[in-house]
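Geometric and topological summary
In case you want the letters, here they are:
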Amino acid sequence: MSASAVFILDMKGKVLISRNYKGDVDTTEIDHFLPLLMQQEEEGLTCPLLSRGKVHFLWIKHSNLYLVALTMKNSNASLVYSFLYKLVEVFTEYFKELEEESIQDNFVVVYELLDELMDFGFPQTTDSQILQEYITQEGNKLEVTKLRVPNTVTNAVSWRSEGIKYKKNEVFIDVIESVNLLVNANGNVLSSDIVGSVKLKVMLSGMPELRLGLNDRVLFGLTGRDKGKSVVMEDVKFHQCVRLSRFENDRTISFIPPDGDSELMSYRINAHVKPLIWIESVIEKFSHSRVEIMVKAKGQFKKQSVANSVQISVPVPSDVDSPRFKTSVGSAKYVPEKNVVIWTIKSFPGGKEFLMRAHFGLPSVDKDELEGRPPITVKFEIPYFTVSGIQVRYMKIIEKSGYQALPWVRYITQSGDYQLRTNS
Amino acid sequence: MTDSKYFTTTKKGEIFELKAELNSDKKEKKKEAVKKVIASMTVGKDVSALFPDVVNCMQTDNLELKKLVYLYLMNYAKSQPDMAIMAVNTFVKDCEDPNPLIRALAVRTMGCIRVDKITEYLCEPLRKCLKDEDPYVRKTAAVCVAKLHDINAQLVEDQGFLDTLKDLISDSNPMVVANAVAALSEIAESHPNSNLLDLNPQSINKLLTALNECTEWGQIFILDCLANYTPRDDRESQSICERVTPRLSHANSAVVLSAVKVLMKFMEMLPKDLDYYGTLLKKLAPPLVTLLSAEPELQYVALRNINLIVQKRPEILKHEMKVFFVKYNDPIYIKLEKLDIMIRLASQANIAQVLAELKEYATEVDVDFVRKAVRAIGRCAIKVEQSAERCVSTLLDLIQTKVNYVVQEAIVVIKDIFRKYPNKYESVIATLCENLDSLDEPEARAAMIWIVGEYAERIDNADELLESFLEGFHDESTQVQLQLLTAIVKLFLKKPTETQELVQQVLSLATQDSDNPDLRDRGYIYWRLLSTDPVAAKEVVLAEKPLISEETDLIEPTLLDELICHIGTLASVYHKPPNAFVEGSRGVQHKRLPPRTGSNESPESPELAQPAAAQPVDQPPAVIPSQGDLLGDLLNLDLGPPTSGGTPAITSAMQMGAMDLLGGGLDSLVMQGGAGGRQETGFGGPAVMPSSLNAPVGGGLGDLFDLGSGVGMPTGSYVVPKTVWLPAMKAKGLEISGTFARRMGTIQMDVTFTNKAMQIMTDFAIQFNRNSFGLSPAAPLQLATPLSPNQTIEVSLPLSTVGPVMKMDPLNNLQVAVKNNIDVFYFSSLYPINILFVEDGKMERQVFLATWKDIPSDNEAQFQIKDCHLNSDAVSNKLQSNNIFTIAKRNVEGQDMLYQSMKLTNGIWILAELRIQPGSPNFTLSLKCRAPEISQFVLQSYEAVLKN
């Protein structure tokens, strides 16, 4: 059904640790993985799915590691990739960083986790918070008699344990919107969408029932409310704690939250909003002599708001030299390893317009290889503001002990995949 | 201190030392030693020699130590089966431990020890664990049944574990249910006929309930299992869909994709006119789009699946083109997939945007991506006719960049554009020729050579160009050699005087100096053709090429349906059925979409009438002709000239090719024999041969009769029975009925005058009002005698078409005035348009093709002719008697296509394409005419002629 065996390899293809779940694949097959991958890379066609004979390799890369699943069946590929990413998530939560060293340093726990996360190719409990209740790095200190499987593992509520206690009951809600933008060289917006996410930090005792109210247009429509200040969410995805059928029926977002940090939901909005930071650029290349760059950035959001840590990366040819900059605000820096100029503006108020000029020398001989035309990319953060206008209307918290709990809400809008193509 | 220290001992005598430590009395030391053993095992050292010592550590109450020993056992038990027995006792004991964690661990590990001797000891503990009070143990035991089955299937069946497993589907705990489902599915997969997952509405209901409560992985198991179920009817199908759709909002992409699989499959059963069907279609798009924000590997799986979904149900994503635009930092495998989907979604509505993007991509640096982008531009040109011009000019711009691989790729696609739109873009040939030298890839060289050969008459130095290729003939790839051979033969047939030497050279290179059998055979065929019958050679080599289709890379519909059932799996990523890459699955049944139960089969919109989209599944459009059609084709081949070198081809494309060659040959043969007065029959000659085994008996008989009536003899045109034009009530006792006919090239109006009055009628005269085609009496109306009461006289009045013209509504309306001694009476009648079809309405094939292209497609009208039980030859004959001439006949994917022409008395041509599916009484008629308003009247004529 899914993976027969899972391997974690270093960049040279050496197996750091592995687990053979089903025994139908010869584990030495993994030795062919890296040569196959190298061959593909040489041909310029990497693919996340490789095969050799009847063996299929599904792999992902994380820092200096390859995580590879092997199968000989018609496995569910999306399940396998999801699982590999889940492995990364769990290991990262256990060891802070998942890399070659942390695998070696913790190989006993890694084995234990591999044993618990998947059985005979079927993923099992993958919630690291729950796992940490019975698989710990201090395993040697715990005696068998004390350690039990938390009921949570097999409960319908498999993400929250019972008996959690806080002195002060609070929920922190972060609404984070990322703006994706693609603009062509003529300045036309090809695509723009918003990917929003509602993140929770839950510090609540017991088994609380939560209900989140948003200004969702469909909900307003159902309840006959004025749709004026509501938002249309194109597609919504929920953490598994949310009762999906309930949402499907009456758009109620009701759930028993996981303890601590989690992403409650994400949504996509296909809004045609004005690009928050608009860039106009002129990049003139005079062969064998110089490159001149002029970039104008304009904040197209409310005057009261301020964009923080704005970073505008402008691509330059790889063989430029002697950079000179002039900026009306902020500072510009040439980053040769990335072949970009990064113009940083700490605080960029709405409605303002700034200018940056850059001048580079070019060598008198042409370089051999062709270079692509990377787009200008922009990074920014605008606090206290959601571009879609989405709002948390309420968060109802009900627990049988009847405590009072406070919800706190923060909004922030940031750049997602924000690209503007250039002409040169 | 971290675990990494365990990896550092590399001293000699290590094993010996470890042995001592393992047998130490101190717990701590023991554990340290086991860790070192595991560390060695991890780095690939063989520590199997320590087996008895490690197993001795198994009996411990330290959980961590126990887990490590278990791990060791799983690794080495197979190599030490006899010693593994030593561990059995501890396993059995652990399975009864008060701590469920230990019980589960023991049963889980035991299942992983793939040693036959152990399995029998496993049965009792497993039986207990399957009924354990703790769900954690039960869910582990459920999986263990699948493990055991993998080792010893018979044992599992004998022990009745399968029934216990089935019972777990009704377990109160969702995780247990999910694992039981997963285990059963796994077992069922290797035993396809076991009927293990006997899914019924009750069990489905249980699964759907568990779906809401189990983990994300459990949801995937359940959804994948649901996808194997076939609902009884559309109502059940809808209710399952309704309960599955909430899963589309799950954060895990794999859950979403498995839900999409269930929905895509069950949707097949919903009637298309159902409101819910439309709702469901709308619900599918947003989650599919959101999958594109997942990690690249998951995006890749999603894109490969979207590629299938777009082919199966193009309407779902037709408005989502933009999300497939390529981003600079997308990995290459994502870029290539997005490009593929962009072309599939390209339509007249979005073509401008798509082209702008493709042009952008074509100037990137990644060679594979650029190539594919250039190719995509060509595919757009072929797919969206309105964009062809823009595509060609974009390609020319790209050729100007002189980037080698861009130029080559552009030339390959331009060749296809020439084939799709002949006589339209040949002006660019000069530009192409400039780049001849830079072509170094076989495909591009072959394409260029094809172009030179095909348009040899327009390229002044075609001979020089081809000669230059000939110099290195033997170094070329086969593809280029074959193309060069054909191109030079074409050139010779077009310019025989200057190129005799060249053609002899290439023929000798191909036949004498080559050891490639394909090349040699083709050389010989040309040689013999040219030497025995140059006219025939011309007909064969320069024959009309079949049109190339828009989508050359569509997945064959039955495969597509199978792949839809495998959404999310490797099969859907490879676009191959599982038995193509999974061992031992040959006997496994192909998954199929359920048949639609709804009644209404009408496609929602004309756009959907595309192949594969709206066709009912049980009757997919055959890419490979079915047996019957193939037989029909073979028969046709047998009837062809005995020189035919065509062997029965397997693919339809080859079949068409062969047909075409022979068709051309036949044509020329007929022309050759034309002296015998058969000129007029033309291509109609072979029409009397029974062409289809599927033809109903009636049609066959008709054929025989036609044959009896003699080849080429006109069987007489169809005349509508007379109708009453003027009732006696309205004309003071004079009743006029009549009809129109065309006889021997003359239009005649057959009129019957009946006197229903009490008095004699005399002094008849007739006059026509001005009409659309200038019909007027060619002679005065002459009734031989006065018309006595109750007397009837029949008159045939010859008509000419030189009278005054005025457009009438309807077009074929004729207003007539008849006068007699009593009064003047007016009436109007509608004449069938076929009386206007003239005898010289047969267009030349070349002209036909050019004209067809030339008439804008807006002028095309398509009709269905229902309930006509004739085969194509009978149809041809019947129509020909009415001056509707069949110019060519072609068999495309089992359908007969008749290309026909007719000409009106005023010189207007009407072109027709009549599509006949053998065995189906419904024909499709496409008409093209510069005066499109005439089409409906032509249709009426077709119907009248064919049904009478």
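Residues numbered from 1 in each chain as written. Chains lettered and ligands numbered in written order. Predicted model: local features only at pLDDT ≥ 70, side-chain atom pairs only at ≥ 80, totals over all residues. Heavy atoms only, no water.

Side note on the overall build of chain A
The condition is simple: What counts as a helix is a DSSP run of H or I of at least four residues, what counts as a strand is a run of E of at least two, and both are numbered from the N terminus. Relative accessibility decides the category of a residue: with a 1.4 Å probe and only protein chains considered, values under 20% of the type maximum give buried, values over 50% give exposed, and everything between is partly exposed. By definition, residues are in contact when any of their heavy atoms lie within 4.5 Å. For every accessible area listed, the method is Shrake-Rupley and the probe measures 1.4 Å; residues are considered covered only by the protein chains on display.
A count of helical and extended segments in chain A gives 7 helices and 23 strands. The dimensions of chain A, computed from C-alpha atoms along their principal axes, are 75 × 60 × 40 Å. A burial count over chain A gives 56% of its 424 residues as buried. In chain A, once contacts between residues fewer than 6 apart in sequence are set aside, the share between residues at least 24 apart is 69%. Roughly 18400 Å² of accessible area belongs to chain A as shown, and the carbon and sulfur atoms make up 48% of that amount.

Comments concerning the interface of chain B and chain A
One widely used convention gives an interface's size as the accessible area the parts lose upon coming together. We count it as follows: For any pair of parts, buried area is found by adding up, for both, the accessible area (1.4 Å probe) each one loses once the two are put together. Salt bridge, as used here: a side-chain nitrogen of Lys or Arg that lies within 4 Å of a carboxyl oxygen of Asp or Glu. By the criterion applied in these results, polar contacts are pairs of N or O atoms within 3.5 Å in which, for protein atoms, one can donate a hydrogen and the other can accept it, and in which residues neighboring in sequence qualify only through two side-chain atoms.
Counting residues at the interface gives 106 residues for chain B and 90 residues for chain A. Summing the contributions of chain B and of chain A, the shared interface buries around 8800 Å²; its carbon and sulfur component is 57%. Across the chain B-chain A interface, the total number found is 11 salt bridges. The partner of Asp417 of chain A in a salt bridge is Lys327 of chain B, with the nearest N and O atoms 3.5 Å apart. One can count 40 residue pairs in polar contact (both at pLDDT 80 or more) joining chain B with chain A.

Here's the deal with the sheet that holds strand β4 (residues 765-768) of chain B
Residue and element names in this part refer to chain B. Operational definition: Two strands form a pair only when DSSP identifies at least two bridges running between them. Helix axes are fitted to C-alpha atoms over the stretch in contact, other axes to C-alpha atoms as well, and angles between N-to-C directions run from 0 to 180 degrees.
Here we have 3 strands laid out as an open sheet, ordered β4-β7-β8, and antiparallel in their pairing. Looking at which strands have only one partner, the edges of the open sheet turn out to be β4 and β8 (824-830). Direction aside, neighbouring strands of the sheet carry axes that sit 25 degrees apart on average. Examined bridge by bridge, strand β7 (residues 813-819) and β8 share 7 bridges and lie antiparallel to one another. Note that in β8 the partner of Ala817 across the bridge is Tyr826.

Looking at the packing of aromatic side chains
Which entries qualify depends on this criterion: Only rings of Phe, Tyr and Trp enter the pairing, Trp through its six-membered ring, and a pair is recorded when the two centres are within 6.5 Å. The plane angle decides the type: under 30 degrees is stacked, over 60 is edge-to-face, the rest tilted.
Following the criterion strictly, the structure yields 31 aromatic pairs over all chains and no others. The interplanar angle of 20 degrees and the centroid separation of 5.9 Å between the aromatic rings of Phe91 of chain A and Phe95 of chain A together place this pair among those described as stacked. Of this pair, Phe91 of chain A and Phe95 of chain A both sit in helix α2 (residues 77-95), 4 residues apart, roughly one helical turn. On the basis of relative accessibility, which here comes to 0%, the residue Phe91 of chain A falls in the buried class. Between Tyr300 of chain B and Tyr333 of chain B the ring centres are 5.3 Å apart and the planes differ by 80 degrees, which places this aromatic pair in the edge-to-face class. In this pair, Tyr300 of chain B sits in helix α17 (residues 296-312) while Tyr333 of chain B sits in helix α18 (residues 332-345), placing the two residues 33 residues apart along the sequence. In this pair, the class of Tyr300 of chain B matches that of Tyr333 of chain B, namely buried.

A few points about the sheet that holds strand β12 (residues 253-255) of chain A
Residues and elements named next belong to chain A. Spatially, the 3 strands line up as an open sheet ordered β12-β10-β22, and their pairing is antiparallel. Looking along the sheet, the strands with just one partner apiece sit at the ends: β12 and β22 (392-398). The mean angle between the axes of side-by-side strands here comes to 15 degrees, regardless of whether they run parallel or antiparallel.

Side note on the pairing of strand β4 (residues 55-62) of chain A
Residues and elements named next belong to chain A. β4 sits mainly inside the fold: 6 of its 8 residues count as buried. Two strands pair when backbone bridges link them, and strand β3 (residues 49-52) and β4 are joined in this way by 4 bridges, in the antiparallel orientation. Residue pairing across strands places Leu49 opposite Leu58, the latter belonging to β4. Hairpin connection, β3 to β4: the antiparallel pair is bridged by 2 residues, and Gly53 has positive phi, about 60 degrees.

Remarks on the UniProt feature "domain: Beta-adaptin appendage C-terminal subdomain" (unreviewed entry) in chain B
For clarity, the cut-off: UniProt positions are given in the numbering used here, feature names are shortened, and annotations may be inferred rather than shown by experiment.
The UniProt entry lists residues 837-947 of chain B under the feature "domain: Beta-adaptin appendage C-terminal subdomain" (unreviewed entry), expressed in the numbering used here. The distance separating the terminal C-alpha atoms of residues 837-947 of chain B is 18 Å; by composition the span is 29% helix and 34% strand.

Quick look at the packing of α18 of chain B against helix α20 (residues 367-383) of chain B
Residues and elements named next belong to chain B. Here is the rule: If an angle is under 35 degrees, it is roughly parallel; if it is over 145, roughly antiparallel; if it lies from 65 to 115, roughly perpendicular; otherwise it is oblique. Residues are grouped as follows: Ala, Val, Leu, Ile, Met, Phe, Trp, Tyr, Cys and Pro are nonpolar; Asp, Glu, Lys and Arg are charged; all remaining types, including Gly, are polar.
Axis separation between α18 and α20 bottoms out at 10 Å; the angle between their running directions is 5 degrees. The orientation of α18 relative to α20 falls into the category roughly parallel. For the pair α18 and α20, contact is made by Ile332, Lys335, Leu336, Leu339, Asp340, Ile343, Arg344 and Leu345 and by Asp368, Phe369, Lys372, Ala373, Ala376, Arg379 and Lys383, respectively. Tallied by class, the residues present in the contact of α18 with α20 amount to 8 nonpolar, no polar and 7 charged.

Quick word on unusual backbone geometry
Of note, the bond from Asp809 of chain B into Pro810 of chain B is cis; its omega dihedral lies within 30 degrees of zero at -10 degrees. Even without glycine at this site, Ser63 of chain A takes up a positive phi of about 40 degrees. Here Ser63 of chain A shows up in the loop between β4 and β5 (65-71). A relative accessible area of 45% places Ser63 of chain A in the partly exposed class.

Quick word on a negative patch on the surface
Residue and element names in this part refer to chain B. Selection criterion: Candidate patch residues must exceed 30% relative accessible area and have no salt bridge, after which like charges are joined if within 9 Å and Val, Leu, Ile, Met, Phe, Trp or Tyr side chains if within 5 Å. In this charge count, Lys and Arg are treated as positive and Asp and Glu as negative; neither His nor the chain ends contribute. A charge is said to be at NZ when it belongs to Lys, at CZ for Arg, at CG for Asp and at CD for Glu.
Taken together, Glu464, Glu467, Glu471 and Glu501 make up a surface patch of like negative charges. Its place among the elements puts Glu471 in the loop between α25 (462-470) and α26 (478-494). The exposed category is assigned to Glu471, whose relative accessible area is 71%.

Considerations on the pairing of strand β10 (residues 885-892) of chain B
Residues and elements named next belong to chain B. Burial analysis of β10 places 6 of its 8 residues in the buried class, which makes it a mostly covered element. One ladder, built from 7 bridges, connects β10 with strand β11 (residues 895-903); its direction is antiparallel. Following the sheet pairing, Phe885 is matched in β11 by Ser901. Between the antiparallel neighbours β10 and β11 lie 2 residues, among them Glu893 with a positive phi of about 50 degrees.

Some details on the nonpolar core
Threshold: Throughout, nonpolar core names a set of buried Ala, Val, Leu, Ile, Met, Phe, Trp, Tyr and Cys residues whose side chains join them through atoms within 4.5 Å.
Membership of the largest hydrophobic core comes to 288 residues, with the highest contact counts inside it found for Leu113 of chain A together with Tyr72, Leu317 and Phe418 of chain B. Ranked by residue count, the leading element in this core is α2 of chain A, at 13 residues. When residues no more than four places from it in sequence are discounted, the contact partners of Phe418 of chain B are Tyr425, Glu426, Val428, Ile429, Leu432, Trp450, Ile451 and Tyr455 of chain B. Core analysis: the second largest hydrophobic core is formed by 73 residues, Phe238, Val242, Ile376 and Ala405 of chain A among them.

Quick word on helix α19 (residues 351-361) of chain B
Looking at α19 of chain B, one finds that the buried residues are Ile351, Val354, Leu355, Glu357, Leu358, Glu360 and Tyr361 of chain B. Considering only its buried residues, α19 of chain B is in contact with β9 (189-203) of chain A together with α18, α20 and α21 (388-400) of chain B.

Some points on the pattern of salt bridges
Taken as a whole and assessed by the stated rule, the structure comprises 64 salt bridges over all chains. For Lys22 of chain A, the salt bridge is made with Glu186 of chain B, and the minimal N-O distance between the two is 2.5 Å. Linking Lys22 of chain A in the loop between β2 (15-20) and α1 (33-42) with Glu186 of chain B in helix α11 (residues 174-190), this pair reaches from one chain into another. Glu186 of chain B sits in the buried class, given a relative accessible area of 6%. Of the charged contacts, one joins Lys722 of chain B and Glu794 of chain B as a salt bridge, the two residues approaching to 3.6 Å between their closest N and O atoms. Of this pair, Lys722 of chain B sits in the loop between α34 (697-708) and β1 (723-726) while Glu794 of chain B sits in strand β6 (residues 792-800), and the two are 72 residues apart along the sequence. Salt bridges sharing partners connect three or more residues here, namely Arg371, Arg375, Glu409, Glu441 and Glu443 of chain B.

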